[in-house]
Amino acid sequence: MMFAPHKLRRRLVTGLAGLAGLALVGSMATAPVQAATEEADDSKVLRIATDGFIDSFNPFTSFYLMPTNTFKYMYENLVANSAEDTQVSEGLATEWDTDSEGKVWTYKMRPDMKWSDDEPLTSEDVAWTYNQIMKKEEMAVANGALVENFDKVEAPDESTLVITLKEPQANNPGQEIPVVPEHIWSKVDKPGEFKNEEDTVGSGPFQLESYEANKSVTLKANPNFWRGKPNLDKIQYRYYTNSDAQVQAIRSGEVDFITGLTPEQFKAIESAENVETNEGNGRRFQGISINSGLADADNKEFGTGHEALKDKKVRQAIRAGIDIDTLRDQVLQDYGQPATSFVPSVYETWALPKDDPAITGFNVDKAKKLLDDAGWKEGSDGIREKDGEKLQLRFLTDADATVEQNTAKFLKPWMKDIGISLKNEASDVDTVSERTTKGDYDMYFSGWSLGPDPDYQLFINTCDSRPDADGNGGTSQDGYCNKDFDKLYQQQHVELDEGKRADLVHQALAQHYEDTASITLWYPNQLEAFRSDRFTGFTKQPTEGGIIANQVGYWGYTSVEPANAEDASGESGGMGAGGWIGIAAAAIVVIGGGGFLLSRRKKSDDRE
């Protein structure tokens, strides 16, 4: 069972689709809503432009992009994902192992860790956090799906944590769940309603100092962070009404970092003085979700999707009628990677290979034949008809998202070429969210960001992930339901041999591609910029061609230091970027040593 309210998740998805990174929305106004006024010595304050939505800073309940980005800096996971290539690496735990069946995972905790308030951090905090999510629905809103397979979690001593699963699990269960201090959260009367908006206590490199709605979010360095206090004193997010205002702010030196740039903005700012740009291979996909006949978890249909879209041939015809290469070139200006499935190519092991037989390309003749075969015959005006009804579909987009609007402009004539009348319906993001929750659409522009392991994204494409008729309960990517896909999901979920598991994942992705519940258009590059006269030492993930913001982990800003060498060696005692980057690399070396032995042991057990 999924506990994340579908409606909220849908809002998140829409936000991710249109906002890419720290969401950028709004009108074309150029003035910021407000720039935070704290102007004391800011040589070690990294100022980041944003307008990301915040409901709270409660890691048990919020899954919006802006709060979850701060959680990565405030609360560590049991295991981390490396900056180098996102592989599982040391976090709160230094070692881990599984039994031969992959059902019991045992972790050894790093010794002598402290929370930011100097209290000791032990395995009991991890067990308490996990058990809260397992036992209390109000605490499972954001991460309930990640503990569904947990049978029990125990801390036999302060340095050991044991997770016993209901069934074998291939991906490390110690990922993605923020660990909170028991001595703080156990005293909160209604933890599900706790906003956690100031002076937080955590284990990550930064802690939330203050939050002013629609004005600023300030994080301060944690001196107890086990990797060493960051060289920055603070990270400050500043709110602006729209992306053009953010671009102007970095030009003028009002902020130090922006992300989620459009291709036009990125090109325009490349020549700006004292501004350096980064084009990173992102962990997102964007595409077109198709209403192929939404139904709730009890198979009761709902929504207003066109009957024609229940026919796989019609959905396949829509894909064949879209010239995705041209679309990527013209709309993204080629700032994106060709896509095969909903698993981005940055995760090379899991992404569907380009030469998979399931993949088909742009082919107008094929699109027309598919529609012929589906019984939709061309009418006198070129629009296809069946049983006296014309083939007219709606395409729902966010009116403030340039990429979505430009995509709609291309799709309308392309669909007409194959005999489909496409009505473009642009609306505000809240309306898009409400309509998609209710299934009131034929197609809409969608997108998700994925973590390094594909299990979650595969899961939300299973029949069991569908919500109830009110949009509550499950979280479904496209309302997709195919028992063959579900079987492949379950097989990969318990397959501990990575090679065999990758093959099962590819088969599942090929099945999804064939069924065309959605059409993945591309993996957009993340376009970002920073003030090179103020800061240096940003760490990308992956380190070769990667992104700075919106990483899986806390590497991006933790290594940053003032560009001025004197500031960098100031009194804070923080570790310079070189030291941080070295630690990032060292983490890989450790895993390549002790951690690798554990990994080898697990794989050896599998082979037996």
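Located above this text is the structure these notes cover.
Anyway, here's the lowdown on the structure attached to this text.

The rules we used
Residues numbered from 1 in each chain as written. Predicted model: local features only at pLDDT ≥ 70, side-chain atom pairs only at ≥ 80, totals over all residues. Heavy atoms only, no water. Pairing = 2+ DSSP bridges. Helix = DSSP H or I, 4+ residues; strand = E, 2+ residues; numbered from the N terminus. Disulfide = S-S within 2.5 Å. 1 Å grid on protein atoms, 1.4 Å probe; cavity = no way out; pocket = protein on both sides within 12 Å on 5 of 7 lines; lining within 4 Å. Points joined across faces, edges and corners; volume = space filled by probe spheres on them. Nonpolar A, V, L, I, M, F, W, Y, C, P; charged D, E, K, R; others polar. Salt bridge = Lys/Arg side-chain N within 4 Å of Asp/Glu carboxyl O. Buried < 20%, exposed > 50% of the residue type's maximum accessible area, 1.4 Å probe, protein only.

### Observations regarding the sheet that holds strand E16 (residues 384–386)
- On the basis of which strands lie adjacent, the open sheet formed by three strands has the order E15-E16-E17 and antiparallel pairing. Every other strand in the sheet has two partners, leaving strand E15 (377–378) and strand E17 (389–390) as the edge strands with one partner each.
- Summarising the sheet, E16 and E17 pair through two bridges and their orientation is antiparallel. Paired with Glu 385 across the two strands is Lys 390, which belongs to E17.

### Comments concerning the state of the cysteines
- What the rule picks out here adds up to one disulfide.
- For Cys 463, the disulfide goes to Cys 481, at an S-S distance of 2.0 Å. Looking down the S-S bond of the Cys 463 and Cys 481 bridge, the torsion is 100°, so its handedness is right-handed. You can see Cys 463 sitting in the loop between helix H12 (455–459) and helix H13 (483–494) and its partner Cys 481 sitting in the loop between H12 and H13, a full 18 residues away along the chain.

### Focus on empty space enclosed by the protein
- In total, this model carries eight cavities of 30 Å³ or more according to the counting rule given.
- Within this model, the largest cavity holds a volume of roughly 880 Å³.
- Lining of the largest cavity is provided by 38 residues; of these, Thr 68, Lys 72, Asn 143, Glu 176 and Arg 283 occupy positions nearest its centre.
- For the lining of the largest cavity, the secondary-structure elements that each account for two or more residues are helix H1 (6–19), helix H2 (65–74), strand E2 (79–81), strand E20 (443–449) and H12.
- Residue contributions to the lining of the largest cavity peak at four residues, all from H2.
- Grouping the constituent residues of the lining of the largest cavity by class yields 21 nonpolar, eleven polar and six charged.
- Each pocket or cavity is described by its volume, and for the second largest cavity that value is around 70 Å³.

### Things to note about the pattern of salt bridges
- Scanning the entire structure with this criterion turns up 25 salt bridges.
- Note that Glu 90 is salt-bridged to Arg 110, the shortest N-O span being 3.1 Å. Of this pair, Glu 90 sits in strand E3 (residues 88–90) while Arg 110 sits in the loop between strand E5 (104–109) and helix H3 (123–135); the two residues are 20 residues apart in sequence, bridging distant segments of the chain.
- With relative accessibility at 13%, the residue Arg 110 sits in the buried group.
- For Lys 390, the salt bridge identified is with Glu 385, shortest N-O distance 2.7 Å.
- When its relative accessible area of 27% is taken as the criterion, Lys 390 is described as partly exposed.
- Connected through salt bridges with shared partners, the residues Arg 394, Lys 423, Glu 425, Arg 435, Asp 440 and Asp 442 form a single ionic network.

So far we have only geometry, and geometry alone does not tell us how the molecule works.
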